[in-house]
Structure formats: structure tokens, C-alpha cells
Amino acid sequence: METVDHTGAEIHPGYDPASRFRPLLNFMNRQFGRFLVPEKEICVDETLVASKGHNIMRQYIPSKAGKFGIKFWMLCESATGYILQMTVYRGRNFDPVPSGELQRTQVVTSLLSSANLLNKCYHVFCDSFFCSLNLATRLLQSNTFVTGTLRKNRPMPNVIKSADPAPNNAVYMRKGKVLCMAYRDADGKRPVRMLSTYLPAQELRSGKPKFVHVYNKNMGGVDTTDSVMKAYSGQRKNRKTWKKVLLHLYHRILHNAYILYTKNTADTPIKSRVRFIQDVVESLSDTVTINVIPARARPHDQRRNIHVGVKLLSGRKEKDCCVCSRRSQAGGRRRSRTACSFCGKGLHRCCIQFHYNCHEY
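Procedures and definitions
Each chain carries its own residue numbering, running from 1 in the direction its sequence is written. In keeping with the predicted nature of the model, local features appear solely for residues at pLDDT of at least 70, side-chain atom pairs appear and are counted solely at 80 or more, and the whole-chain, interface and lining totals rest on all residues. Side-chain figures throughout are based on the complete set of non-hydrogen atoms in the structure, without hydrogens or water. Only protein atoms enter the 1 Å grid used here. Points where a 1.4 Å probe fits but cannot escape make up a cavity, open sets with protein on both sides within 12 Å along at least five of seven lines make up a pocket, and a residue lines them when an atom lies within 4 Å of a point. Grid points are joined across faces, edges and corners, and a volume is the space filled by probe spheres set on the points. A run of DSSP states H or I qualifies as a helix once it reaches four residues; a run of E qualifies as a strand once it reaches two. Both are numbered from the N-terminal end. Residues are grouped as follows: Ala, Val, Leu, Ile, Met, Phe, Trp, Tyr, Cys and Pro are nonpolar; Asp, Glu, Lys and Arg are charged; all remaining types, including Gly, are polar. A carboxyl oxygen of Asp or Glu within 4 Å of a side-chain nitrogen of Lys or Arg is what we treat as a salt bridge. Between buried and exposed lies partly exposed: a residue is buried under 20% and exposed over 50% of the maximum accessible area for its type, with that area taken using a 1.4 Å probe on protein chains only. We define the nonpolar core as a collection of buried residues of types Ala, Val, Leu, Ile, Met, Phe, Trp, Tyr and Cys that are connected through side-chain atoms lying within 4.5 Å of one another. Every residue pair with non-hydrogen atoms within 4.5 Å of one another is taken to be in contact. DSSP-based pairing: two strands are paired if at least 2 bridges between them are found. In this scheme Phe, Tyr and Trp rings, the latter by its six-membered ring, pair at centre separations within 6.5 Å, and the angle between planes marks the pair as stacked below 30 degrees, edge-to-face above 60, and tilted otherwise.

Draft legend 1. Spotlight on the layout of surface pockets. Here the largest pocket defines a volume of roughly 480 Å³. Lining the largest pocket we find 18 residues, and of these Thr-47, Leu-48, Asp-226, Lys-230 and His-248 sit closest to its centre. Only strand S1 (41-50), helix H6 (221-229) and helix H7 (241-264) provide two or more residues apiece to the lining of the largest pocket. For the lining of the largest pocket, a count of residues per class yields five nonpolar, seven polar and six charged.

Draft legend 2. Highlighting the pattern of salt bridges. Using the criterion set out here, one finds 12 salt bridges in the structure. Here Arg-333 makes a salt bridge to Asp-320, at a shortest N to O gap of 3.0 Å. With Arg-333 in the loop between strand S13 (319-320) and strand S14 (335-336) and Asp-320 in strand S13, this residue pair connects regions lying 13 residues apart in the sequence. For Arg-333, a relative accessible area of 42% puts it in the partly exposed group. Within the structure, one salt-bridge network assembled from shared partners comprises Glu-318, Asp-320, Arg-327, Arg-333 and Arg-335.

Draft legend 3. Broad picture of the nonpolar core. Membership of the largest hydrophobic core comes to 64 residues, with the highest contact counts inside it found for Phe-21, Phe-72, Leu-75 and Leu-249. Apart from the residues lying within four places of it in its own chain, the contact partners of Leu-249 are Phe-21, Leu-24, Leu-25, Met-28, Phe-72 and Met-86. By size, the runner-up hydrophobic cluster in this structure holds eight residues, among which are Val-310, Val-323, Cys-340 and Cys-343.

Draft legend 4. Representation of the pairing of strand S9 (residues 192-196) within the structure. With four of five residues buried, S9 is to be regarded as a mostly interior element. In this sheet, S9 lies alongside strand S6 (residues 145-150) in antiparallel orientation, the contact comprising four bridges. If you follow Thr-147 over to S9, its bridge partner there is Ser-196. Across five bridges, the pairing between strand S8 (residues 178-184) and S9 is antiparallel. The partner of Met-181 across the bridge, within S9, is Met-194.

Draft legend 5. Quick look at the environment of Phe-94. One can find Phe-94 in the loop between strand S4 (83-89) and helix H2 (103-114). With relative accessibility at 13%, the residue Phe-94 sits in the buried group. Each C-alpha atom, one on Phe-94 and one on Asp-16, is 7.8 Å from the other, the two residues being 78 residues apart in sequence.

Draft legend 6. How the structure looks around unusual backbone geometry. A cis amide bond, omega -5°, links Thr-268 with the succeeding residue Pro-269. Note on placement: Pro-269 falls in the loop between H7 and helix H8 (273-284). Non-glycine residue Cys-121 carries a positive phi angle of around 60°. One can find Cys-121 in the loop between H2 and strand S5 (123-126). You will see that Asn-168, though not glycine, has its phi angle at about 60°, which is positive. Within the secondary structure layout, Asn-168 lies in the loop between helix H4 (158-161) and strand S7 (169-175). Taking relative accessible area as the criterion, Asn-168 reaches 48% and is therefore assigned partly exposed.

Draft legend 7. Expanded view of the packing of aromatic side chains. If you walk through the whole model with that rule in mind, you get 13 aromatic pairs. Geometrically, the ring pair formed by Tyr-15 and Phe-94 is edge-to-face, given 6.2 Å between the ring centres and 70° between the ring planes. One end of the pair, Tyr-15, is in the segment before helix H1 (22-32); the other, Phe-94, is in the loop between S4 and H2, and 79 residues separate them in sequence. The exposure class of Tyr-15 is partly exposed, given its relative accessible area of 39%.

Below you can see the structure in the form of C-alpha cells.
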């Protein structure tokens, strides 16, 4: 079967539509597992980087706010939302499912294997898209537990599929280590079907099954991360999908870094997330030290170090950059909203290293 893009043109078999951000994604996955040993409860879910730009990887998920975009599979720690592993879904033509396997099972086992979390008694929580008897059997073989909701059209015992319990009642059925349940929360609501290879058929004092309480507590890791990242996301309208994905990945790195900061800092009080992001940006754009020869230097004067940085001009003022602006050339004028903090001349942040003749007014 030939692969074609949105224009109908044939695509080379070795083409990778995620090649522009693949190196960064691989680097993230290698580093995320180095700094945190996750708690026992972890969750798997999907997330969408909203984009309507033309891209062969673009997916349509009506349940998401953005609806169109690039889909990622994510493995997170349930308690904090710390990302342990994430992979991009490029579409069925680029990521075909091996014969004899289910996509949902292959995605979960691949994420756990890449994060090196199989055979370590971790407890995985997933929604009805991923959860199935096939997944439970596969993970039990790797000494890993799973809890999740089941869709009615998935294979399950007929007793659970056709169960119609009364409000605040549950029906259980077990086979070996696999326990299935059907539960109706209130009158007028549909029964919820769930599966677990770890939890018992037990009810809490409130009358609600332990299944439901533990699942609601530990399933929201990815959704919590997404909701937190909506604030100060920095996303801007862009026709280039890969640019939006790159910026999204940088914010994922910042989010993980903030979680590590809150777990290991001795600061009191702990910085807010926006303050932490500001500190990271300021540290990455901090002043640099360069060797400068003062203007009209005397013979006995020696080179001295001057700390040169940039400062934001007040209001909406702009100045010509003293490094890259060429007003004598047509179209050569380059304006900057920042200026040298030492001499006051207009200066782009990226031009600091070429600002050799700096001297104070």
C-alpha cells in the first residue's frame, strides 16, 4: 500500500514526518527517567497538540478542546503528573500495528518497556481506549498490574456485559487474578464496567466500590498535566505544525523540571510555576562576560572584563541594533526592543557575543 500526503503525492518509504522534532523527543525520553523513580501508581493516556496546519500526522479527536492536532501517547506518574515517557502517533501508515496484536496493548507495553518499568510490580491505570482483557493478560506475564474502565463492545464475561445493577450496587466476577465489575452510580445513569488485576472486590464506608475510588484518584495524571500547561503555555498561531510541537515539548520539559524542583527544594515558600518559568528564562538569558578594549585606550591600558547584558526598553520603544542593523543598505535596518545594559545602544540578545566595542556613555 502506497503512502500519500494530503496533496495525493507519493511519500518515500523512509520518510519520517516527525523528523524535525524526533531528536528532542528522544532526548527527553532518555533524560526523564534519570531524575525520578516513580511511585507505584502510573497512568497511560493520550494528549493532543492542537494544530490545524497541513500535516500527514494530524488527527481528529472530537472529545479534545482543540479537536485537530498531533497526538502523543503519554506515560505519567499518577500522583504528580511527571512525564516518564511520551511518543508521537504518526498515523496508521507510519505506525502500523504488528499482526496479531492490538494497538492499545502495543502502545501500553511499548511505553512501559521504553521506560524500563516492566517486571517491577507497577500499577498502571488507563481509560476505556486502552483497557482490555488482552492487555491485562499481557501485563500479568510481565509482573505488572492494570486497572481501567471497559467498553461494552470489548470482550468480557457475559455476566458483566449484560449486568444491570441497581443504583449504588455492583456486580463482580473473577477469573484468576483478573477481576471485572459493573457498577451503577445513581438512578438514570449507565453502568460502568471496570477491570483490575490488583484491586479486591471491596466497598468503602460510603458504599462506593474501591475500584471507583482508586481509579478516580490515580487516572488523572495526564489530564492534570494538560490543564496545568494551559496556563503560561506560550503557544502562538503558527502554520508550521512542527514549530508548535517543538514549543510544546519545551514546555513539557519545564513542567517536569518544576515537579522535580518542588520535590527537592528547600525554599520556603516554594516558588509558583510562573515564577519558576521566569527564573529559568532569566538564567538562560543571563549576562555574559566578554573581553572588551575600551574606546581610545591608552598604551598602558589593558583589556578588562565587562559584564554585558540587555535590558528591555520601556513602553514600546525600539532602537536600531548596533550590531546587525545597516541603515545604509536597502532593507538592512534591524530594530530591537532591548538595549545594552552597559552602553545603552540598541542590541538584540542574540547579538551580544558580537558587541565588542561597548563603552559607557
